[in-house]
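# Observations on the three-dimensional arrangement
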Amino acid sequence: MSTIVVEVMPKAELLDPAGKAVAGALARLGKSEFTAVRIGKRFELTVDGEVTDAVLAEAQKLADDMLSNSVIEDVVRVYVAETTAAGSAS
Amino acid sequence: MSTIVVEVMPKAELLDPAGKAVAGALARLGKSEFTAVRIGKRFELTVDGEVTDAVLAEAQKLADDMLSNSVIEDVVRVYVAETTAAGSAS
Amino acid sequence: MSDTTATPVPAAPAVPAASGAAAPGTVDSVANAAATPEREQPYAALGLKTEEYQSIRELLGRRPTSGELAMYSVMWSEHCSYKSSKVWLRQFGQKVSPEMTKNLMVGMGENAGVVDVGEGWAVTFKIESHNHPSYIEPFQGAATGVGGIVRDIISMGARPVAVMDALRFGAIDDRDTARVVPGVVSGISFYANCLGLPNIGGETWFDPIYQANPLVNALAVGVLRHEDLHLANARGAGNKVVLFGARTGGDGIGGASILASDTFSAGGPTKRPAVQVGDPFAEKVLIECCLELFAGDLVQGIQDLGAAGISCATSELASNGDGGMAIELDRVLLRDPSLTAEEILMSESQERMMAIVEPGKLDAFLAVTGKWDVETSVLGEVTETGRLAITWRGETIVDVDPRTVAVDGPVYDRPLAYPSWLNAVRANSASELPRPSEGPALRAQLLELIGSANLADKSWITDQYDRYVLGNTALSYPDDGGMIRVDETSGLGVAFATDANGRYAYLDPYVGAQLALAEAYRNVAATGATPVAVSDCLNFGSPENPEVMWQFSQAVEGLADGCLELGIPVTGGNVSFYNQTGDVPIHPTPVVAVMGTIDDVARRVPSGWQDPGDNLYLLGT
Amino acid sequence: MRIGVVTFPGSLDDRDAQRAVRRAGGEAVALWHGDHELQGVDAIVLPGGFSYGDYLRCGAIAARSPIMAEVIAAANAGMPVLGICNGFQILVEAHLLPGGLIRNDHGDFVCRDQKLRVENASTAWTNGFTVGQEITIPLKNAEGGFIVDAETLKRIEGEGLVAFRYLDVNPNGSLDDIAGLTNARGNVVGLMPHPEHATEPGFGPDTPDAMRSGVDGLTFFTSVLHGALARA
Ligand SMILES: Nc1ncnc2c1ncn2[C@@H]1O[C@H](COP(=O)(O)OP(=O)(O)O)[C@@H](O)[C@H]1O
């Protein structure tokens, strides 16, 4: 069993109200070392067996077509996770 | 300017309804190579200047206390992103 | 038995049964239990008292298997068995006149009461608590509270049409309140809005006594035609026992029994999480699926899975039926293949239902669940044995008389004590307080009143609830009661209000309960509806504290007497004990929900001014 | 005139949309997300709700369901399509309308009687209004914030594709107070507020005249009926 990780973030030039809200909360808590926050998504896709190039390409396509909306989001990265002994992606 | 990435995933033992819904949609679309999907969050925290050990520790604490809900989520990873020329985390 | 997993399911493929954790030979079968009578069992960690464990051994004539112990422990918990409240709740069935019950199609004891409202329509409603989970994880706790009460309504054969929420929180300026309130409100908002159920009212109250023990009581209303009434019973040997809805996972194992029968610190029996995660989408699909099953006359009996999960559904269905039941537990579709048999029996995974289906209708049943992408598995069938028999990995792990699990659990007539502090509290009356008569002092007092959290505008909460969906909401926020149109042609409708005042009940639980009843009754009457029925959620401290038990007995008596006086029956409700922080119980808080009927919602009376020039009258004393 | 209302798993206001169609004098036809069949309808409503639980992104999974292939083809051929709330989100995810709809800027679900200004009265669903008309329509959603890149926003505004704008209160942080959009052809309209909940006196938004008496939403449905008559 393998895991493919897909990372999606809101487009940099667009509003991310959720990120802004967290940044505001941080500022109120006095955590001024963090000047901005953006919140995106992290998908873990489970694949039975090995991840072939074809499956990875399929995941990339999926990331572009369905897991993200290209009008408002960017796919940051698609990669095969190294699985730890516990089987969870790290 | 640097970016710290915080990755949060729903706890493996708990239901992830969003992941389940996406897995269902994939199956209906005939993408049977992906047998399960889990959806978590990916935060990008912007730090002005270098990320010191202290700031990274602060981010780790924040990840545990505020960016995740330890009852239902796990913090997968907290790390400093290598910034590309474009300034976005990769 | 024919093939079981019929639905072409999109999500993860069915987990092969043999991949579970328990290796062959480690199953604690009935034969094994008989052969190893002296094995020590963790009954105390599961919340059973020594005497209770002994009586299980006597009932079975041997030690229970670990699966049986799991079942008895959850079903004999306070939460599921009502063992401390039963002797008092009987009054609700006894203090009634024939007039009061003539429109009751289903009374106390079923998943929810059902009232004939005329024109061939019936309405079912019930209020229930999800207090402890909502403190631990406010969002999911409150959300799954709504989910659970809505499943009670579906299992009567009704379409859910509205919800209400009665909330009590700690001090508004306590830091933890800022965690609990938004979480609870957004949990209720999320789950009910996603189900497409209008929120037609509720209450919000702040008092430090609820600081570490907020009360989250949710009410759901359902509407059905008389002929659609369904009950939770397993009749007819050979009929299939079908589990459908979400897969079974490790959620909330030990949740109900441990959470609802002891304080939080006493960790669960396993490392499994004590919270459940709700999936309102799955529940919405389940609702539509069930309604289509009812419309097709495809289910003979049905039961929702709430606290105590499969333990509860199988034992209650079998107890209410005319025979027994045989189940292969391996057929339960799992989300987590590592679950043990005991955990599967106790799991509180949400959004599941169990139905009894005639074999000839099974294909049609599976076609409907398939249409809605609802995963379905035939677990077994109704038998003539009078026993509930469950196998796992080919061995019998449960063989019990289902009534001993679900009906004939322990009953306690617990000691009562008049509270030692009560006279002092009563003597400390408001009439002793200074009465300002000067302008500035009056002004300050008025400002304090206006600024108090309990009198403040509640629209921050109610604006997060959808009051429009379904298009039948005749009254909701900010009216005194909520009102729903039942029949679009005639305008027939029903109205609801929930009320309670923990401070009154603290001073006098008997009168306090009656005041709550009277207030809800008035609120319903003020909408133009005629009050016809009551549901209640009795939130109290530990029943093992004689003073709390006295409060409880008084409140029940007050409510029962009040209902008899007003001529409306209690159709069902919920008891929530162990609401306390350390040794300090909450104020006794009997939340009373009253339902009324109105023959045409066009005649409803909103609470706002309607037209300029109207006269104002003050009625009453 | 037959107006189809698509039910997805998780649709909530589908029967309400059907009721609104009937109140306007049309025939409501229930369509199922899993079919590839539009049953010869003359117009389509994508109703409100939480299709597929709103998981992934609102409307994202529904936009990929079987019937949407037919809906997209019909829309491109000129059939009137109205997307209400979740239906609007589905239209955006299907790229029939531009931009995206994200979490409300305040983070919460909001239910309110929302005042709107009609900005485009020449679409299939708004021709019964006049430009500048102020109407009140219930709004109820958690993810109604309209966003789009600056260039597209300019185009949307320049081409008059804004159908409705929020008045008095911007309830979700939408750019330019945008509450609803039309495509250039005027047959596809999407908006976050719920016109179907302002079609029956007694069950609609409050008006200055009487509580719950607002019926401004009826005009959406009569517009499409009259438009069809005019074309016939
Ligand atoms: N938690 C809640 N959920 C739904 N409605 C609520 C809630 N809290 C208050 N309300 C509604 O707000 C309105 C005002 O409530 P409240 O302040 O208790 O006024 P009153 O004391 O006049 O009943 C009522 O319509 C009530 O149903």
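Within each chain, residues carry numbers counting from 1 in the order of the written sequence. A letter from A marks each chain and a number from 1 marks each ligand, given out in the order of writing. In keeping with the model being predicted, local features are shown solely for residues with a pLDDT of at least 70 and side-chain atom pairs are shown and tallied solely at 80 or more, while totals for entire chains, interfaces and linings include all residues. Side-chain measures were taken over the full set of non-hydrogen atoms in the model, leaving aside hydrogen atoms and water.

Quick reminder of the rule: UniProt positions are given in the numbering used here, feature names are shortened, and annotations may be inferred rather than shown by experiment.
The name given to chain D in an unreviewed UniProt entry is Phosphoribosylformylglycinamidine synthase subunit PurQ, and the organism recorded there is Lysinimonas soli. Taken directly from UniProt, the Pathway (unreviewed entry) text for chain D runs: "Purine metabolism; IMP biosynthesis via de novo pathway; 5-amino-1-(5-phospho-D-ribosyl)imidazole from N(2)-formyl-N(1)-(5-phospho-D-ribosyl)glycinamide: step 1/2."

### Details of the UniProt feature "active site" (unreviewed entry) in chain D
Residue and element names in this part refer to chain D. What counts, and what does not: Think of it this way: any DSSP run of H or I at least four residues long counts as a helix, any run of E at least two long counts as a strand, and we number them from the N terminus. Under the scheme applied here, a residue whose accessible area is under 20% of the maximum for its type counts as buried, over 50% as exposed, and between as partly exposed, the area being computed with a 1.4 Å probe on protein chains only. Any two residues having at least one pair of non-hydrogen atoms within 4.5 Å are treated as being in contact.
Here, UniProt's "active site" (unreviewed entry) annotation points to C85, H194 and E196. Across 112 residues of sequence, these annotated residues stay compact in space, with a maximum C-alpha separation of 10.9 Å. Structurally, C85 can be placed in the loop between strand 4 (81-84) and helix 3 (86-93). Exposure remark for C85: the relative accessible area of 5% places this residue in the buried category. Discounting chain neighbours no more than four positions away, the residues touching C85 are G48, K140, N141, L191, M192 and H194. Along the chain, the position of E196 falls in the loop between strand 11 (188-191) and helix 5 (218-231). On the basis of relative accessibility, which here comes to 4%, the residue E196 falls in the buried class.

### Some thoughts on the interface of chain B and chain C
Counted only if it meets this: Values labelled buried area give the accessible surface lost by two parts on being combined, using a 1.4 Å probe and summing over both. When a carboxyl oxygen of Asp or Glu is within 4 Å of a side-chain nitrogen of Lys or Arg, the pair counts as a salt bridge. Here a polar contact is taken to be a pair of N or O atoms separated by no more than 3.5 Å, where protein atoms must pair a possible hydrogen donor with a possible acceptor and residues adjacent in sequence count only if both atoms sit in side chains.
Residue-level contacts link 13 residues of chain B with 19 residues of chain C. Summing both sides of the interface, chain B and chain C together bury roughly 1300 Å²; the carbon and sulfur share of this comes to 67%. For the chain B face of the interface with chain C, the top three residues by lost area are E13, L14 and L15 of chain B, together amounting to 38%. Where chain B meets chain C, there are two salt bridges. The closest approach of N and O atoms between R28 of chain B and D373 of chain C, which form a salt bridge, is 3.4 Å. Our count for the chain B to chain C interface comes out at two residue pairs in polar contact (both at pLDDT 80 or more).

### Comments concerning the environment of I344 of chain C
All names here are of chain C. In this fold, I344 is placed in helix 13 (residues 341-346). We classify I344 as buried; its relative accessible area is 0%. Put simply, I344 and A70 are 274 residues apart on the chain and 9.7 Å apart in space, counted from C-alpha to C-alpha. Once you skip the residues sitting within four places of it in the chain, I344 turns out to touch T248, I310, L329, V332, L334, L339 and W392.

### Some points on the sheet that holds strand 3 (residues 121-129) of chain C
Backbone-to-backbone hydrogen bonds pair the strands of a sheet. The strands run either parallel or antiparallel. Residues and elements named next belong to chain C. To keep it simple, the criterion reads: At least two bridges found by DSSP between two strands are what make those strands a pair. An axis is simply a line fitted to the C-alpha atoms; with a helix, the fit covers only the stretch in contact. Between two such axes, the angle follows the N-to-C directions and lies from 0 to 180 degrees.
Pairing in this open sheet of six strands is mixed, and the strands run 1-2-3-6-4-5 from one edge to the other. Each of the sheet's edge strands pairs with one partner strand only, and the pair in question is strand 1 (104-106) and strand 5 (199-206). Between one strand axis and the next, the sheet turns by 20° as a mean value, whatever way the strands run. Relative to strand 5, strand 4 (residues 159-169) runs parallel, the two sharing six bridges. Considered in strand 5, the bridge of L167 is made with T204. Sheet strands touched by helix 9 (residues 177-195): strand 4, strand 5 and strand 6 (215-225). Its angle to strand 4, the strand with the most contacts, is close to 175°.

### Concerning the packing of helix 9 of chain C against helix 11 (residues 280-295) of chain C
Residues and elements named next belong to chain C. The cut-off we apply is this: Throughout, a crossing is termed right-handed when the near helix is turned clockwise from the far one, and left-handed when it is turned anticlockwise from it by less than a right angle. In this classification, the charged set is Asp, Glu, Lys and Arg, the nonpolar set is Ala, Val, Leu, Ile, Met, Phe, Trp, Tyr, Cys and Pro, and all remaining amino acids, among them Gly, are polar.
Taken N-terminus to C-terminus, the directions of helix 9 and helix 11 make an angle of 30°; their axes are 8 Å apart at the nearest point. The element helix 9 and its partner helix 11 pack so that their crossing is right-handed. Packed against helix 9, whose contacting residues are F190, Y191, C194 and L195, the element helix 11 presents P280, E283, K284 and I287 at the interface. A breakdown of the residues in the contact of helix 9 with helix 11 according to their chemical character gives six nonpolar, no polar and two charged.

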